[in-house]
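# Summary of the model geometry
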Amino acid sequence: MRVLASAPAKIILFGEHSVVYGKPAIAAAINLRTYVWAEFNESGAIKIEAKDIRVPGLTVSFSEDEIYFESDYGKAAEVLSYVRQAIELVREEADKNGKGITVSITSQIPVGAGLGSSAAVAVATIGAVSRLLGLELTNEEIGKLGHRVELLVQGASSGIDPTVSAIGGFIHYEKGKFEHLPFMELPIVVGYTGSSGSTKELVAMVRRTREEMPEIIEPILLSMGKIVERAREILLSDLDEKVRFERLGRLMNINHGLLDALGVSTKKLSELVYAARTAGALGAKITGAGGGGCMYALAPEKQSEVATAITIAGGTPMITEISREGLRIEEVIP
Ligand SMILES: Nc1ncnc2c1ncn2[C@@H]1O[C@H](COP(=O)(O)OP(=O)(O)O)[C@@H](O)[C@H]1O
Ligand SMILES: C[C@@](O)(CCOP(=O)(O)O)CC(=O)O
Ligand SMILES: [Mg+2]
């Protein structure tokens, strides 16, 4: 039997980092996906084929007639830890530790770019392997297991990414609980800096700063939570669309400034943010953990101008759509 599952990337519209400290956040699934095939193998071992992830620490030596490969096994194994933990968790749930499983991954989501590639790979792996082992889990339950995977690998995780990747759409999230917001098309442009940041390291950095100067950092996190509350009210209001977008844009700009204050922006991210605003975006901010990765801009009727400005500033624009669907079982071959 072979099973193919897929799970989407996300953007965090408001509230990354503060969500780790129990504040609310708003996120949406987007139409970039990670695909995972799962099947049994005869060896009894877990085998992971990650087809488009770079393995750090690889050395290749050439002599006259031979090629030697050396790899830093620690680093290589670490890169695959989300997938490994996802498989282990499902095997524990299914109580079927004996059978070998081969998992094969292809992904459209840039890695370490703030678009939730870690959550998508965990959710798609749990989806494929749980179906292979005959477990009947809801997407919501799979989102919770995805959260456990992120906690095991990163040490800290709010759970918003695996939740939105599993259930899809547009959500308000707070302390493990989510509410679907009414589905709406948002005129956004994502700008990718081309560099990456590690969520594990950035979350740890914010934690250290908060421990060092709580009286300064706590009010910033509180303020981010207040931004989310206002954004939710605006999204649920019957205000005219133009007014809604203007207000959301202002909140995005404040949220970006606060993320910068936490130290998670980079020169390139801020350049893309300012380029987008100059080209007519109503608001622009980092999405995800930062330290590289992506920003997004809200740009009604200005999406192509903003995309051009992001390109001129050295970034890669992506005009994405919100994905209603979360985890999907694409194929089951008996
Ligand atoms: N296609 C993939 N195959 C295997 N692992 C992946 C894949 N995509 C992402 N990952 C895992 O997720 C990590 C990146 O997660 P993270 O630092 O949270 O950034 P983000 O979730 O923003 O992309 C990678 O280092 C890798 O361990
Ligand atoms: C920084 C954070 O709020 C979001 C991280 O998203 P990403 O892994 O950078 O896509 C962490 C979390 O919510 O667990
Ligand atoms: Mg992540």
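Computed from a prediction, not measured in an experiment: that's the story for all the values here. (Residues numbered from 1 in each chain as written. Chains lettered and ligands numbered in written order. Predicted model: local features only at pLDDT ≥ 70, side-chain atom pairs only at ≥ 80, totals over all residues. Heavy atoms only, no water.)

Interface extent is often summarised as the accessible area lost during association of the parts. The assigned domain composition of the protein chain is domain 1 (2–55 + 66–181 + 323–333) and domain 2 (188–318). Here the C-alpha centre of domain 2 lies 24 Å away from the C-alpha centre of domain 1. Listed by partner, the interface residues are 29 residues for domain 1 and 40 residues for domain 2. Together, the buried faces of domain 1 and domain 2 total about 2,700 Å²; carbon and sulfur atoms form 69% of this surface. Per-residue buried area on domain 1 facing domain 2 is highest for Phe-14, His-17 and Tyr-21; these three make up 28% of the total on that side. (Domains from an automatic or database assignment. Contact = heavy atoms within 4.5 Å. Buried area = accessible area lost by both parts, 1.4 Å probe.)

Applying the stated criterion across every chain yields a total of 1 cavity of 30 Å³ or more. Of the voids in this model, the largest cavity is the one considered here, and its volume is about 60 Å³. Of all the secondary structure elements, the ones that give two or more residues to the lining of the largest cavity are β1 (2–14), α8 (241–262) and β11 (294–298). Taken domain by domain, the lining of the largest cavity gets at least three of its residues from each of domain 1 (2–55 + 66–181 + 323–333) and domain 2 (188–318). (1 Å grid on protein atoms, 1.4 Å probe; cavity = no way out; pocket = protein on both sides within 12 Å on 5 of 7 lines; lining within 4 Å. Points joined across faces, edges and corners; volume = space filled by probe spheres on them. Helix = DSSP H or I, 4+ residues; strand = E, 2+ residues; numbered from the N terminus.)

This part covers the packing of helix α7 (residues 214–236) against α8. Here α7 crosses α8 at 165°, and the two axes come no closer than 10 Å. Looking at the two axes, α7 sits roughly antiparallel to α8. Seen along the crossing, α7 lies across α8 with a hand that is left-handed. Counted together, Ile-217, Ile-220, Leu-221, Ser-223, Met-224, Ile-227, Arg-230, Ala-231, Ile-234 and Leu-235 of α7 and Arg-244, Arg-247, Leu-248, Leu-251, Ile-254, Asn-255, Leu-258, Leu-259, Ala-261 and Leu-262 of α8 form the full contact between these two elements. Among the residues making up the contact of α7 with α8, the classes are represented as 15 nonpolar, 2 polar and 3 charged. (Axes fitted to C-alpha atoms, helices over the stretch in contact; angles between N-to-C directions. Parallel < 35°, antiparallel > 145°, perpendicular 65-115°, else oblique. Left-handed = near helix turned anticlockwise from the far one by under 90°. Nonpolar A, V, L, I, M, F, W, Y, C, P; charged D, E, K, R; others polar.)

This part is about the layout of surface pockets. In this structure, the second largest pocket occupies an estimated 200 Å³ of space. Contributing to the lining of the second largest pocket are Pro-187, Glu-241, Lys-242, Phe-245, Glu-246, Gly-280, Leu-282, Pro-300, Glu-301 and Lys-302. When the residues that make up the lining of the second largest pocket are grouped by side-chain class, the tally is 4 nonpolar, 1 polar and 5 charged.

So, about the nonpolar core. General note: in soluble globular proteins, nonpolar side chains tend to be found buried as a group. Counting 102 residues, the largest nonpolar core has Leu-13, Phe-14, Val-103, Leu-115, Phe-170 and Met-295 as its most contacted members. When residues are assigned to domains, this core turns out to be shared by domain 1 (2–55 + 66–181 + 323–333) and domain 2 (188–318), each giving three or more. Beyond its immediate chain neighbours, meaning those up to four positions away, Leu-13 contacts Ile-26, Ala-27, Ala-28, Phe-170, Leu-186, Lys-285 and Tyr-296. (Core = buried A, V, L, I, M, F, W, Y, C linked by side-chain atoms within 4.5 Å. Buried < 20%, exposed > 50% of the residue type's maximum accessible area, 1.4 Å probe, protein only.)

The subject of this paragraph is the environment of His-147. If you trace the backbone, His-147 turns up in helix α4 (residues 139–154). C-alpha of His-147 to C-alpha of Ser-157: the two residues are 10 residues apart in sequence and 7.0 Å apart in space. Once you skip the residues sitting within four places of it in the chain, His-147 turns out to touch Ser-157, Ser-158, Gly-159, Pro-162 and Tyr-173.

A few words on the packing of helix α3 (residues 117–132) against α4. Put simply, α3 and α4 touch, their axes get as near as 9 Å, and they point 125° apart. Classed by the angle they form, the pair α3 and α4 counts as oblique. For the pair α3 and α4, the crossing hand works out as right-handed. Every residue of α4 that contacts α3 at Ser-118, Ala-119, Ala-122, Val-123, Ile-126, Gly-127 and Ser-130 is listed here: Ile-142, Leu-145, Gly-146, Val-149, Glu-150 and Gln-154.

On to helix α10 (residues 303–312). What sets the pattern is the α-helix's 3.6 residues per turn: residues three or four places apart point alike. Taken as a whole, α10 has its buried residues at Val-306, Ala-307, Ala-309 and Ile-310. One side of α10 carries all its buried residues, which in axial view fall inside an arc of 160°. Directly after α10, the chain includes Gly-314, whose backbone phi takes a positive value near 95°. (Arc of directions from axis to C-beta.)

With respect to the helices and strands, Ser-81 occurs in helix α2 (residues 81–94). Here Glu-78 takes part through its backbone oxygen, which lies 2.6 Å from a polar atom of the side chain of Ser-81. (Polar contact = N/O pair within 3.5 Å; in protein donor to acceptor, adjacent residues only side chain to side chain.)

Now for the sheet that holds strand β10 (residues 283–287). Strand order in the open sheet formed by 4 strands is β10-β11-β9-β12, and the pairing between neighbours is antiparallel. Because the sheet does not close on itself, it has two edges, and the strands there are β10 and β12 (316–318). Looking at each pair of strands side by side, their axes are set apart by 25° on average, direction ignored. Lying over the sheet, α8 contacts β10 and β11, oriented at roughly 45° with respect to β10. On top of the sheet, α10 reaches β9 (188–192), β11 and β12; it is set at about 10° to β9, its chief contact. (Pairing = 2+ DSSP bridges.)

Tallied over the full model, the rule gives 0 aromatic pairs. Stacked on the ring of Trp-37, the Lys or Arg Arg-2 has its end atom at 4.0 Å from the ring centre. (Phe/Tyr/Trp six-rings, centres within 6.5 Å; stacked < 30°, edge-to-face > 60°. Lys NZ or Arg CZ within 6 Å of the ring centre and 35° of its normal.)

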